[in-house]
Amino acid sequence: VRPPVADAIRVIALTGARRDEIAGLEWREVDLEKRLITIPPERHKTGRRTNAPRVIGLPARALNIFASLPPRTSKGLVFPPMAFDESGRTYPASRKGAPSRINVTKAWRTIRKEAALPDGIGLHGLRHSLASHMAMQGTQAADIMTALGHKKLATAQRYIHYAQDARVAVAERAASLIS
């Protein structure tokens, strides 16, 4: 897996961003000082309805990935696609005519296989995993909703059952110590 592709997948896992938000991420959308990514409304799922940008917080590990990347230009892609393949062919523009973006899907299949993860786990599963871990650490549904850019609380509430399961496990461990 090429390093830029691996880095893009790591950022997806660490932030809960959607695949296309990171595949098309431009440096002008990244503020390393404020530790934020700001996706304009036209580039994220709910932005088309709300006309509001999506703001994604950058944890330290994600910030380190951005800091380790090659020098940047304000208009360039953070994770540029490989310009040429082994045969010297260039990658075409997307079906929508946009400039070519990094392809993380094929690499994800390789990573998933190497990690012995079930076939059904797509890149979007990384987003669900982050939300589940947030819930297990006691994060409220409203905060999960904000972090993942959901517009409905009900979408984030589906992760809360993990928190309930974690509470039972913690109570069980504590009770076994007292016993």
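Note on numbering: residues in each chain are counted from 1, in written sequence order. With the structure being a predicted model, the display of local features is reserved for residues of pLDDT at least 70 and the display and counting of side-chain atom pairs for 80 or more, all residues being used for whole-chain, interface and lining totals. Side-chain numbers come from the whole structure's heavy atoms, not from hydrogens or water.

A.B. asks: What am I meant to see in the overall build of the protein here?
C.D. replies: A tally of helices and strands in the protein yields nine helices and three strands. A burial count over the protein gives 36% of its 179 residues as buried. Contacts are assigned to residue pairs that have any heavy atoms within 4.5 Å of one another. Sequence-distant contacts in the protein: of pairs separated by 6 or more residues, those separated by 24 or more amount to 53%. When the accessible surface of the protein is split by element, carbon and sulfur atoms take 55% of a total near 11300 Å². Counting from the N terminus, the helices are the DSSP runs of H or I reaching at least four residues and the strands are the DSSP runs of E reaching at least two. Classification of residues uses two cut-offs on accessible area relative to the type maximum, computed with a 1.4 Å probe and protein chains only: under 20% is buried, over 50% is exposed, and between them is partly exposed. All accessible-area figures derive from a Shrake-Rupley calculation using a 1.4 Å probe, and residue coverage is judged against the displayed protein chains alone.

A.B. asks: Any chance you could explain unusual backbone geometry here in plain terms?
C.D. replies: Note: most peptide bonds trans; most residues except glycine with negative phi. Within the chain, arginine 35 stands out as a residue other than glycine whose phi angle is a positive 60°. Positionally, arginine 35 belongs in the loop between strand E1 (30-31) and strand E2 (36-39). Backbone geometry at alanine 116 places phi at a positive 60°, although glycine is not the residue there.

A.B. asks: Sorry if this is basic, but what is going on with the packing of helix H6 (residues 124-136) against helix H7 (residues 141-148) here?
C.D. replies: When two helices pack together, you describe them by how their axes are tilted relative to each other and by the distance separating the axes. An axis is simply a line fitted to the C-alpha atoms; with a helix, the fit covers only the stretch in contact. Between two such axes, the angle follows the N-to-C directions and lies from 0 to 180 degrees. Direction vectors running N to C along H6 and H7 enclose 150°, while the axes themselves pass 10 Å from each other. Between H6 and H7, the interaxial angle falls into the category roughly antiparallel. Considering how the two elements wind past one another, H6 and H7 form a crossing that is right-handed. Mapping the contact onto sequence places Arg127, Leu130, Ala131, Met134 and Ala135 in H6 and Asp143, Ile144, Ala147 and Leu148 in H7. Amino acid classes used here: Ala, Val, Leu, Ile, Met, Phe, Trp, Tyr, Cys and Pro are nonpolar; Asp, Glu, Lys and Arg are charged; the rest, including Gly, are polar. Looking at the contact of H6 with H7, its residues break down into seven nonpolar, no polar and two charged. Orientation labels follow simple angle bins: below 35 degrees gives roughly parallel, above 145 gives roughly antiparallel, 65 to 115 gives roughly perpendicular, and whatever is left gives oblique. Here is the rule for handedness: rotate from the far helix to the near one, and if that takes an anticlockwise turn smaller than a right angle the crossing is left-handed, while a clockwise turn gives right-handed.

A.B. asks: Quick question: what am I supposed to make of the pattern of salt bridges here?
C.D. replies: Two side chains that carry opposite charge are able to pair once their charged atoms sit near each other. Basic side-chain nitrogens of Lys or Arg form a salt bridge, by our definition, when they fall within 4 Å of a carboxyl oxygen of Asp or Glu. For the coordinates displayed, the defined rule picks out six salt bridges. Connected via shared salt-bridge partners are Arg18, Glu21 and Arg54.

A.B. asks: Is there a simple way to think about the pairing of E2 in this case?
C.D. replies: On any regular strand, side chains alternate: one points to one face of the sheet, the next to the other face. What you see with E2 is a clean split: Ile37 and Ile39 sit on the buried side and Leu36 and Thr38 on the side with no burial. We call two strands paired when DSSP finds no fewer than two bridges between them. With two bridges joining them, E1 and E2 adopt antiparallel strand pairing. Among the inter-strand pairings, aspartate 31 is bridged to a residue of E2, identified as leucine 36. Hairpin connection between E1 and E2: a loop of four residues separates the two successive antiparallel strands, and arginine 35 in this loop has a positive phi of roughly 60°. Across four bridges, E2 lies against strand E3 (residues 54-57) in antiparallel orientation.

A.B. asks: Explanation requested: the environment of arginine 2 in the structure shown.
C.D. replies: Within the secondary structure, arginine 2 sits in the segment before helix H1 (3-15). You can call arginine 2 partly exposed: its relative accessible area is 28%. Residues arginine 2 and alanine 107 lie 105 residues apart in sequence; the distance between their C-alpha atoms is 8.4 Å.

A.B. asks: What should I look at first to understand the nonpolar core in this one?
C.D. replies: Across soluble globular proteins, you tend to see nonpolar side chains buried next to one another. Each nonpolar core is a collection of buried residues, namely Ala, Val, Leu, Ile, Met, Phe, Trp, Tyr and Cys, held together in the definition by side-chain atoms within 4.5 Å. Core analysis: the largest hydrophobic core is formed by 28 residues, its most contacted members being Ile22, Ile37, Phe66 and Phe79. Those elements that provide at least two residues to this core are H1, helix H2 (19-23), E2, helix H4 (60-68) and helix H5 (105-114). With five residues, the single largest contributor to this core is H1. Here phenylalanine 66 is in contact with Val11, Leu25, Trp27, Val30, Leu32, Ile37, Leu58, Arg72, Val78 and Phe79, once residues within four sequence places are set aside.

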